[in-house]
Amino acid sequence: QVQLVESGGGLVQAGGSLRLSCAASGRTFSSCAMGWFRQAPGKEREFVAGINRGGGSTYYADSVKGRFTIARDNAKNTVFLQMNSLKPEDTAVYYCAAALTQRTAVFVSQRNYDYWGQGTQVTVSS
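The model shown is predicted, which means the values in this text are computed figures rather than measured ones.

**Student:** Could you give an account of the overall build of the protein chain, with specific residues and numbers?
**Tutor:** Broken down by element type, the protein chain carries zero helices and eleven strands. Ordered by position from the N terminus, the helices and strands of the protein chain form the series β-β-β-β-β-β-β-β-β-β-β. Relative to the globule expectation of 14 Å for 126 residues, the C-alpha radius of gyration of the protein chain, 13 Å, shows essentially globular dimensions. Taking the principal axes of its C-alpha atoms as reference, the protein chain extends roughly 40 × 25 × 25 Å.

Structure follows, in structure tokens:
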């Protein structure tokens, strides 16, 4: 069992930055690929960024590529999402997710993820 708790959301002006954190409980964090997803009002939840178990591979949605960076610290059971050059269209609830796996892949599909956090609100004003 893995429990995930996100933090770091808030209100920021367009062009600003935020850093989201996701703290994981349990001893299996290093066995999990991790991902960030988001859901805007009236829209489906979508993939934002993913990172593999060791942290050596990452993948981003086209909409955030070059602006967002995902990273993990396995010693601290934490995954981060650094968000720069924020736009109003980045406004959403951001969710952290964990996929318990023996593979070294990065997962994009929500179906691959076993555990989810409760989400943190990010609001970007224009």
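Continuing now.
**Student:** Break down the sheet that holds strand β1 (residues 4-7) for me, with residues and values.
**Tutor:** If you trace the four strands from one edge of the open sheet to the other, you get β1-β3-β8-β7, paired in antiparallel fashion. Sheet topology places β1 and β7 (68-73) at the edges, where each strand pairs with a single neighbour. Mean inter-strand twist for the sheet, computed between neighbouring axes without regard to direction, equals 15 degrees.

**Student:** Report on the state of the cysteines, specifying residues and quantitative values.
**Tutor:** Taken as a whole and assessed by the stated rule, the structure comprises one disulfide. Here Cys22 pairs with Cys96 through a disulfide, and the sulfurs are 2.1 Å apart. The S-S bond linking Cys22 to Cys96 shows a torsion near -80 degrees; that makes this disulfide left-handed. Of this pair, Cys22 sits in strand β3 (residues 18-24) while Cys96 is found in strand β9 (residues 92-100), placing the two residues 74 residues apart along the sequence.

**Student:** Could you give me a rundown of the environment of Ala40, with the residues and numbers involved?
**Tutor:** Following the sequence through the fold, Ala40 ends up in the loop between β4 (32-39) and β5 (46-51). C-alpha of Ala40 to C-alpha of Cys22: the two residues are 18 residues apart in sequence and 19 Å apart in space. In this structure, Ala40 is in contact with Thr91 and Ala92, ignoring residues within four places of it in sequence.

**Student:** Give me the lowdown on the nonpolar core, citing residues and values where you can.
**Tutor:** Ranked by internal contacts, the top residues of the largest apolar core, which has 38 residues, are Leu4, Met34, Trp36, Val79, Leu81, Met83 and Tyr94. Broken down by secondary-structure element, the contributors of at least two residues to this core are β3, β4, β5, β7, β8 (78-83), β9 and β11 (120-125). Counting residues per element, this core draws most heavily on β9, at six residues.

**Student:** Would you mind going over the packing of aromatic side chains in detail, with residue names and values included?
**Tutor:** When we look at a pair of aromatic rings, we describe it by the centre distance and by the angle of the planes. Per the stated rule, a full pass over the model turns up six aromatic pairs. Between Phe37 and Tyr113 the ring centres are 5.2 Å apart and the planes differ by 80 degrees, which places this aromatic pair in the edge-to-face class. One end of the pair, Phe37, is in strand β4; the other, Tyr113, is in the loop between β9 and β10 (115-116), with 76 residues separating them in the sequence. When sorted by exposure, Phe37 lands in the same class as Tyr113, which is buried. The aromatic ring of Trp116 is capped on one face by Arg45, whose charged end is 3.8 Å from the ring centroid. The side chain of Lys65 reaches across the aromatic face of Tyr59, ending 5.9 Å from its centre.

What counts, and where the lines are drawn
Residues numbered from 1 in each chain as written. Predicted model: local features only at pLDDT ≥ 70, side-chain atom pairs only at ≥ 80, totals over all residues. Heavy atoms only, no water. Helix = DSSP H or I, 4+ residues; strand = E, 2+ residues; numbered from the N terminus. Rg over C-alpha atoms; globule rule 2.2 N^0.38 Å. Pairing = 2+ DSSP bridges. Axes fitted to C-alpha atoms, helices over the stretch in contact; angles between N-to-C directions. Disulfide = S-S within 2.5 Å. Contact = heavy atoms within 4.5 Å. Core = buried A, V, L, I, M, F, W, Y, C linked by side-chain atoms within 4.5 Å. Buried < 20%, exposed > 50% of the residue type's maximum accessible area, 1.4 Å probe, protein only. Phe/Tyr/Trp six-rings, centres within 6.5 Å; stacked < 30°, edge-to-face > 60°. Lys NZ or Arg CZ within 6 Å of the ring centre and 35° of its normal.

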